[in-house]
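Listed below, chain by chain, are the residues.
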Amino acid sequence: MKPFVLASAACAALLLSGPSARAADEQPKPYEPMVVTYDTSGTDDPELKAFVETLRKAIMSGDVGTLKASAAPEVKIYSVMIGFPEATPPEPLSDPEKRPGDQRLDDAAALTTSGDVDYSREDLDGLVVDLFGNALDEETIGHSKTAKGAICSPAEPIFDRDRALAIADAAGVPSGNLWILTEDTEFREKPSTDAPVLTKLAAGTIVPFQEGSVEGEDGDGDWYSVVLPSAKVGYALNDISRGFQATSVCYGKVDGKWAVTAVIVPGL
C-alpha cells in the first residue's frame, strides 16, 4: 500500500487553491523577495548524529524494528494542513488510550495515506518505513515551531509570515501557492531553453507558484511558472520546490538518550 503523495508543488497548489483569479485588468505587482532561514543550533551533537545515522541505515534496509524501537514511550503526533501554515501551530493529537510509542508510529504512518483503511501489519510496517524515509530524505535537520521547538528532520523554514502573505497578495495568488525553491533556479521569459533568462533566484527563496505542467515550445510539459519579484512571469523546468509543511520526524532526549519524540504529518 503506497502512501498518498503530492508529486510536486504544482500538483499540490492546484489541489489546494485552484487557479488564481485576478480581474482581467489587474496585473501582478512587484514585491520584495524573501529567503527562508533555518535554526540548526544543537544539531551537531555527536550522539544525535549517530542516532539519525542509525535511522538512515534502518530505512535503507527496511528494518522497521529499529525504527519503532527508536520511539519514545510517548510520541506526539501533529496533524497539519499541507500548504501555507497557520499563524498558530496546532496542538498534538489527543491520545486518551496512552498508546505506546511504537503504536503511535503506526497511527502517524496511517495518517500519511489518502483513505481510512484497515491496514495489515505488513502494510503498516511499510508505511512506517516510508514515513521515516520521506522525513529524512531531504537530509536537513533543525528546530521546528510546529513541534514546539523540537529538533526535526527535515529542518522547518523560518520566515516572516506577513511578508510572505504580502508576496502572495502582490502576485495575485492564494497563500497555498507559495512554495520554497530547493536549489538555485533560473527563470526564463518563455517555456523554452532558448528564451532569455529573466533572473536567477537562490535556494530557499519563497516563490508564488502560478501554473504547472506548462507545455514548452518544444512540446515538453515539465515547465512551471511563478510570478517573479519584478512582477514578470518566469518559467523553469522540473519543479522540485518544497512546501512549508513536510512529513517530519522529531527528536528529544529521554532518560539521557536520543529518541523519536514527535511526528508531523501534513494532509489535505
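So, a few notes on the structure that sits alongside this text. (Residues numbered from 1 in each chain as written. Predicted model: local features only at pLDDT ≥ 70, side-chain atom pairs only at ≥ 80, totals over all residues. Heavy atoms only, no water.)

A few points about the state of the cysteines
All chains considered together, the criterion is met by one disulfide. Covalently, Cys152 is tied to Cys250 through a disulfide, its sulfur atoms 2.1 Å apart. The sign of the S-S torsion, about 100°, decides the handedness of the disulfide formed by Cys152 and Cys250: right-handed. Here Cys152, found in strand β3 (residues 151-153), pairs with Cys250, found in strand β10 (residues 248-254); they are 98 residues apart in sequence, far enough to count as distant. Assessed through its relative accessible area of 0%, Cys250 is described here as buried. (Disulfide = S-S within 2.5 Å. Helix = DSSP H or I, 4+ residues; strand = E, 2+ residues; numbered from the N terminus. Buried < 20%, exposed > 50% of the residue type's maximum accessible area, 1.4 Å probe, protein only.)

Quick notes on helix α2 (residues 46-61)
The periodicity of an α-helix, 3.6 residues per turn, causes residues three or four positions apart to be oriented the same way. Spanning 16 residues, α2 covers 23 Å between terminal C-alpha atoms, matching the ideal 22 Å at 1.5 Å per step. Residues of α2 that are buried include every one of Leu48, Phe51, Val52, Leu55, Ala58 and Ile59, and no others. End-on, the buried residues of α2 take up no more than an arc of 115°, which puts them together on one face. In α2, those exposed residues whose orientation departs by more than 90 degrees from the buried face are Pro46, Lys49, Lys57, Met60 and Ser61. Residues of α2 that are buried make contact with α3 (64-69), α5 (121-136), β3, β10 and β11 (257-267). Here α2 starts with a cap whose side-chain oxygen sits 2.7 Å from the backbone nitrogen of Glu47, and that cap is Asp45. Phi turns positive, to about 70°, at Gly62, one or two residues after α2. (Expected span 1.5 Å × (residues − 1). Arc of directions from axis to C-beta. Contact = heavy atoms within 4.5 Å. Polar contact = N/O pair within 3.5 Å; in protein donor to acceptor, adjacent residues only side chain to side chain.)

Some remarks on the packing of aromatic side chains
Within this structure, the stated rule accounts for five aromatic pairs. Residues Phe84 and Phe244 carry aromatic rings whose centres are separated by 5.3 Å and whose planes lie at 80° to one another, so their mutual orientation is edge-to-face. One end of the pair, Phe84, is in the loop between β1 (71-81) and α4 (101-111); the other, Phe244, is in the loop between β9 (233-237) and β10, with 160 residues separating them in the sequence. By the burial criterion, Phe84 is buried, and Phe244 matches it. Ring geometry for Phe187 and Tyr224: centres 6.1 Å apart, planes at 85°, overall edge-to-face. Here Phe187 is found in strand β5 (residues 185-188), whereas its partner Tyr224 is found in strand β8 (residues 223-227), with 37 residues between them in sequence. You'll find Phe187 and Tyr224 in the same group, each marked buried. Feature note: the residues Phe84, Phe159 and Phe244 constitute an aromatic cluster, connected by ring pairs. (Phe/Tyr/Trp six-rings, centres within 6.5 Å; stacked < 30°, edge-to-face > 60°.)

Structural notes on the environment of Ser241
Relative to the elements of secondary structure, Ser241 occurs in the loop between β9 and β10. Sequence separation of Ser241 and Ile180 is 61 residues, and the distance between their C-alpha atoms is 5.4 Å. At 2.7 Å, the side chain of Ser241 and the side chain of Asp239 are in polar contact.

As for a negative patch on the surface
On the surface, Asp194, Glu215, Glu217 and Asp218 cluster together into a patch of negative charge. Within the secondary structure, Glu217 is located in the loop between β7 (206-214) and β8. Assessed through its relative accessible area of 56%, Glu217 is described here as exposed. (Patch = residues over 30% accessible without salt bridge, like charges linked within 9 Å, V, L, I, M, F, W, Y side chains within 5 Å. Areas by Shrake-Rupley, 256 points an atom, 1.4 Å probe, with all protein chains shown as cover. Salt bridge = Lys/Arg side-chain N within 4 Å of Asp/Glu carboxyl O. Lys, Arg positive; Asp, Glu negative; His and termini not counted. Charge placed at Lys NZ, Arg CZ, Asp CG, Glu CD.)

Describing the layout of surface pockets
Roughly 380 Å³ of internal volume is contained in the second largest pocket. Forming the boundary of the second largest pocket are 21 residues, of which Pro85, Glu86, Lys145, Thr146 and Glu156 lie nearest the centre. The residue makeup of the lining of the second largest pocket, split by class, is eleven nonpolar, five polar and five charged. (1 Å grid on protein atoms, 1.4 Å probe; cavity = no way out; pocket = protein on both sides within 12 Å on 5 of 7 lines; lining within 4 Å. Points joined across faces, edges and corners; volume = space filled by probe spheres on them. Nonpolar A, V, L, I, M, F, W, Y, C, P; charged D, E, K, R; others polar.)

Things to note about empty space enclosed by the protein
In total, this model carries one cavity of 30 Å³ or more according to the counting rule given. Around the largest cavity, the lining residues are Pro154, Ala155, Glu156, Arg242, Phe244, Gln245, Ala246 and Ser248. Taken together, the residues of the lining of the largest cavity break down into four nonpolar, two polar and two charged.

A look at the packing of α4 against α5
The interhelical angle for the contact between α4 and α5, taken along N-to-C directions, is 80°, at an axis separation of 8 Å. Taken together, α4 and α5 sit at an angle that is classed as roughly perpendicular. Between α4, through Leu105, Asp106, Ala108, Ala109 and Ala110, and α5, the contact on the second element is made entirely by Arg121, Leu124, Leu127, Val128, Leu131 and Phe132. (Axes fitted to C-alpha atoms, helices over the stretch in contact; angles between N-to-C directions. Parallel < 35°, antiparallel > 145°, perpendicular 65-115°, else oblique.)

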